[in-house]
Amino acid sequence: MPSVTHEALVELFKNRPTLAAEMLHDALGHPVPTFTEARVESSDFTEIVPSDRRADVVVVLLVGEQQQPAMAIVVEVQLGVDPDKPYVWPVYVTQTRARHRCPTGLLVVTIDAAMARWSARPIDTGHPGWTLTPLVLGPQGVPVVTDAEQAKAAPEVAVLSAMAHGQSEAAEAIGVAFFSGAAEGLDEEHRAVYGDLVLSSLNAAARRKLEAMMKSGYQFQSEFARGYVAKGRQEGSLEAKAQAVLAILEARGLEVPAEVRERVLASTDLDELDRWIRRAATIGDARELLATTDS
């Protein structure tokens, strides 16, 4: 089941169709043809692979009055090791190339450095001369957006910057750039969603500083910003406590089943998480965490 982070990254590339081309050219230095429009196309390859195996996003760069495809980009968000991907990624590329009759590249996006290294490994298809080497956008390749005007011009890049660098020393500057630049230019729905993503990605110190700046009358003083900083701090506490539960279980050498991990990470009850932290230190099997709670 895709995580919230996975779906959030996918939506950034869907909401800004030019983002894939921008990251290929600006961040990775990969040549991209001149185009007049970037369009998100169907990523369904059910004629070849099962329906639950489809590319995250397919973007086609179009050129000229006839809107002819100049290049297609298959965007795959990768947050964990998946042994199936070296087998399905070549399918995504060849099927997209056949469908749109144009050069096609594979762009793998991740905010984890280790996953960037895993994703960049060449894929030997077994056919002479055909080795697929994914183009990988890892955290080091994502720009650090600390300029308000830059954030306003490309809100999705600003959000991607927060997700990739929100735990770094630049976190505060990234947050300031987003709220003083990008946030006020977005419609209500995107402002709320992107604000959530930025704040939940920033470290606790950066969130505290943002709140203090708002209280002191900084330029992005607004009910929207104040509300989301407060919400971000609450979400940060939830995430920290959930991670503490899992860390205790793992430090004690207990195997944590997927259903337990998902339940802990999905909790929105601070008191429940506090109880789980105490229980995690004494139970003999990770499954007892939920059994005790549900009894």
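The preceding data block contains the structure.
Overview of the structure. Just so we're clear, the structure is a prediction, and the values are computed from it rather than from any experiment.

## Some thoughts on the nonpolar core
Logical step 1: Judged by nonpolar contacts, the single largest core of 48 residues is most densely connected at Leu12, Phe13, Ile73, Val75, Leu107, Val159 and Phe178.
Logical step 2: Not counting residues up to four positions away in its chain, the partners in contact with phenylalanine 178 are Ala151, Ala158, Val159, Ala183, Leu186, Tyr194, Gly195 and Val198.
Logical step 3: Val58, Val74, Leu106 and Val136 belong to the second largest nonpolar core, which has 19 residues in total.

## Focus on helix H1 (residues 4-15)
Logical step 1: The first and last C-alpha atoms of H1 sit 16 Å apart over 12 residues, in line with the 16 Å expected at 1.5 Å per residue.
Logical step 2: Among all positions of H1, only His6, Ala8, Leu9, Val10, Leu12 and Phe13 are buried.

## A short note on the pairing of strand E4 (residues 104-109)
Logical step 1: With 6 of its 6 residues buried, E4 lies for the most part within the structure.
Logical step 2: By the bridge criterion, 6 bridges tie strand E3 (residues 68-77) to E4 in an arrangement that is parallel. Across the sheet, isoleucine 73 pairs through a bridge with glycine 105, a residue of E4.
Logical step 3: Following the chain from E3 across helix H3 (residues 85-100) to the adjacent parallel E4, one finds a crossover that is right-handed.
Logical step 4: Relative to strand E7 (residues 135-137), E4 is paired through 3 bridges, and the arrangement is parallel. Following the sheet pairing, valine 109 is matched in E7 by leucine 137.

## Observations regarding the sheet that holds strand E1 (residues 37-41)
Logical step 1: Pairing is mixed in the open sheet, where 5 strands are placed in the order E1-E2-E3-E4-E7. With one partner strand each, in any of the chains shown, E1 and E7 form the two edges of the open sheet. Put simply, the sheet's adjacent strands are angled 30 degrees from each other on average, direction ignored.
Logical step 2: Relative to E3, strand E2 (residues 57-63) is paired through 7 bridges, and the arrangement is antiparallel. Within E3, the position partnered with valine 60 by the bridge is alanine 72.
Logical step 3: In the packing of helix H2 (residues 19-27) onto the sheet, contacts are made with E2, E3, E4 and E7, and the angle to E3 comes to roughly 85 degrees.
Logical step 4: Strands in contact with H3 are E1, E2, E3 and E4; relative to E3, the strand with the most contacts, it is inclined by about 160 degrees.

## Overview of the packing of aromatic side chains
Logical step 1: Scanning the entire structure with this criterion turns up 2 aromatic pairs.
Logical step 2: For the ring pair tryptophan 89 and tryptophan 118, a centre distance of 6.3 Å and an interplane angle of 65 degrees mean the geometry is edge-to-face. Pair noted here: tryptophan 89 is in helix H3 and tryptophan 118 is in helix H4 (residues 113-119), with a separation of 29 residues, a long-range link.
Logical step 3: Note on phenylalanine 178 and phenylalanine 179: the rings are 5.1 Å apart at their centroids and 90 degrees apart in plane angle, and the pair reads as edge-to-face. Accessibility classification places phenylalanine 178 together with phenylalanine 179 in one group, the buried group.

## Details of helix H12 (residues 270-280)
Logical step 1: Among the residues of H12, those classed as buried are Glu272, Leu273, Trp276 and Ala280. Along the axis of H12, the buried residues cluster in a sector spanning 95 degrees; they form a single face. Facing away from the buried surface of H12 by more than 90 degrees, the exposed residues are Asp271 and Arg278.

## Section: unusual backbone geometry
Logical step 1: With a phi close to 55 degrees, glutamine 67 is a non-glycine residue in the positive phi region.
Logical step 2: Along the polypeptide, glutamine 67 turns up in the loop between E2 and E3.
Logical step 3: Residue glutamine 67 is classed as partly exposed on the basis of its relative accessible area, which comes to 26%.
Logical step 4: The phi dihedral of arginine 101 is positive, around 55 degrees, even though this residue is not glycine.
Logical step 5: For arginine 101, the position within the fold is in the loop between H3 and E4.

Reading the values: rules and limits
- Residues numbered from 1 in each chain as written.
- Predicted model: local features only at pLDDT ≥ 70, side-chain atom pairs only at ≥ 80, totals over all residues.
- Heavy atoms only, no water.
- Core = buried A, V, L, I, M, F, W, Y, C linked by side-chain atoms within 4.5 Å.
- Buried < 20%, exposed > 50% of the residue type's maximum accessible area, 1.4 Å probe, protein only.
- Contact = heavy atoms within 4.5 Å.
- Helix = DSSP H or I, 4+ residues; strand = E, 2+ residues; numbered from the N terminus.
- Expected span 1.5 Å × (residues − 1).
- Pairing = 2+ DSSP bridges.
- Right-handed = clockwise from strand over helix to strand, strands pointing away.
- Axes fitted to C-alpha atoms, helices over the stretch in contact; angles between N-to-C directions.
- Phe/Tyr/Trp six-rings, centres within 6.5 Å; stacked < 30°, edge-to-face > 60°.
- Arc of directions from axis to C-beta.

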